[in-house]
Amino acid sequence: MENKLKEIREAKKMSQDEVANALHVSRQSISKWENNRSNPDLDNMVALAKLYDVSLDELVNGITEKQTQAQDKKVERGYDVTKMLSYLSLLFASTFISFIGLAVSLTLLIKMRKKKYPKIFYGCCILCLLINLFNLFVILNNLFFNFVTVTIR
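Residues numbered from 1 in each chain as written. Predicted model: local features only at pLDDT ≥ 70, side-chain atom pairs only at ≥ 80, totals over all residues. Heavy atoms only, no water.

Thoughts on the confidence of the model for the chain
Moving on, step 1. Considering every residue of the chain, the mean pLDDT works out to 81; 84% of them sit at 70 or more.
Moving on, step 2. The secondary-structure element of the chain with the lowest mean pLDDT is helix 6 (residues 65-77), recorded at 57, while helix 2 (residues 16-23) shows the highest, at 91. (pLDDT = per-residue confidence, 0-100. Helix = DSSP H or I, 4+ residues; strand = E, 2+ residues; numbered from the N terminus.)

Some thoughts on the packing of aromatic side chains
Moving on, step 1. Counted under the stated rule, the structure contains 1 aromatic pair.
Moving on, step 2. Plain terms: the ring middles of Phe-121 and Tyr-122 are 5.5 Å apart, the flat faces sit at 80° to each other, and that makes the pair edge-to-face. In terms of burial, Phe-121 and Tyr-122 fall into one category: buried. (Phe/Tyr/Trp six-rings, centres within 6.5 Å; stacked < 30°, edge-to-face > 60°. Buried < 20%, exposed > 50% of the residue type's maximum accessible area, 1.4 Å probe, protein only.)

Examining unusual backbone geometry
Moving on, step 1. Positive phi values are uncommon outside glycine, yet His-24 reaches one of about 60°.
Moving on, step 2. Relative to the helices and strands, His-24 resides in the loop between helix 2 and helix 3 (27-34).

Focus: the side chain of Ser-94
Moving on, step 1. Its location among the elements puts Ser-94 in helix 7 (residues 81-94).
Moving on, step 2. On the basis of relative accessibility, which here comes to 5%, the residue Ser-94 falls in the buried class.
Moving on, step 3. Sequence-distant contacts of Ser-94, defined by excluding residues within four places in its chain, comprise Ile-100, Gly-101, Val-104 and Asn-132. (Contact = heavy atoms within 4.5 Å.)

A word on the pattern of salt bridges
Moving on, step 1. The full count for this structure, using the stated rule, is 2 salt bridges.
Moving on, step 2. Notably, a salt bridge pairs Glu-7 with Lys-4, separated by 4.0 Å at the nearest N-O pair. Placement of both Glu-7 and Lys-4 in helix 1 (residues 2-11) is noted, with a separation of 3 residues, approximately one turn of the helix.
Moving on, step 3. Salt-bridge contacts for Glu-34 lead to Arg-9; the nearest nitrogen and oxygen are separated by 2.5 Å. Taken as a pair, Glu-34 in helix 3 and Arg-9 in helix 1 lie far apart in primary sequence, 25 residues in all.
Moving on, step 4. A relative accessible area of 5% places Glu-34 in the buried class. (Salt bridge = Lys/Arg side-chain N within 4 Å of Asp/Glu carboxyl O.)

What to know about the nonpolar core
Moving on, step 1. Residues Leu-91 and Phe-121 are the most contacted members of the largest nonpolar core, which totals 16 residues.
Moving on, step 2. Sorting the residues of this core by element identifies helix 7, helix 8 (98-111) and helix 9 (119-145) as the ones contributing at least two each.
Moving on, step 3. No other element matches helix 9, which puts 7 residues into this core.
Moving on, step 4. Setting aside its immediate chain neighbours within four residues, Leu-91 contacts Val-104, Ser-105, Leu-108, Cys-124, Cys-125 and Cys-128.
Moving on, step 5. Ile-8, Val-19, Leu-23 and Met-45 belong to the second largest nonpolar core, which has 14 residues in total. (Core = buried A, V, L, I, M, F, W, Y, C linked by side-chain atoms within 4.5 Å.)

Structure below.
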């Protein structure tokens, strides 16, 4: 919090004296707050937030309004879009290697079933699983069984 108080004050182009006068406290109090030698009480925190025109959350935690809204959307959706996209890229990349693709497909299907990802995510997992099963069949068939070998003369 200490760095945040100083950053916001400097961003508002205010001196410690100006802030102290506005809050009716000493300049030394402002300095102590900014250097983490003491903390402002709740009334002073509210007054600082009003003076700096920021939310208490931003003042205390350094979380901006946009970050709070993004967190709310993430909680509302139940999943993180960037994480889902990285899972999908891993899924599609692993489709070219059957054994790994099977493991990744099954793992994503099992681990992500409790999360509320869009249905297309699960559809992609199932599609990649089927592709990997087919590729595995082709590989095993060519190596060991030769079930479906047609020779034309």
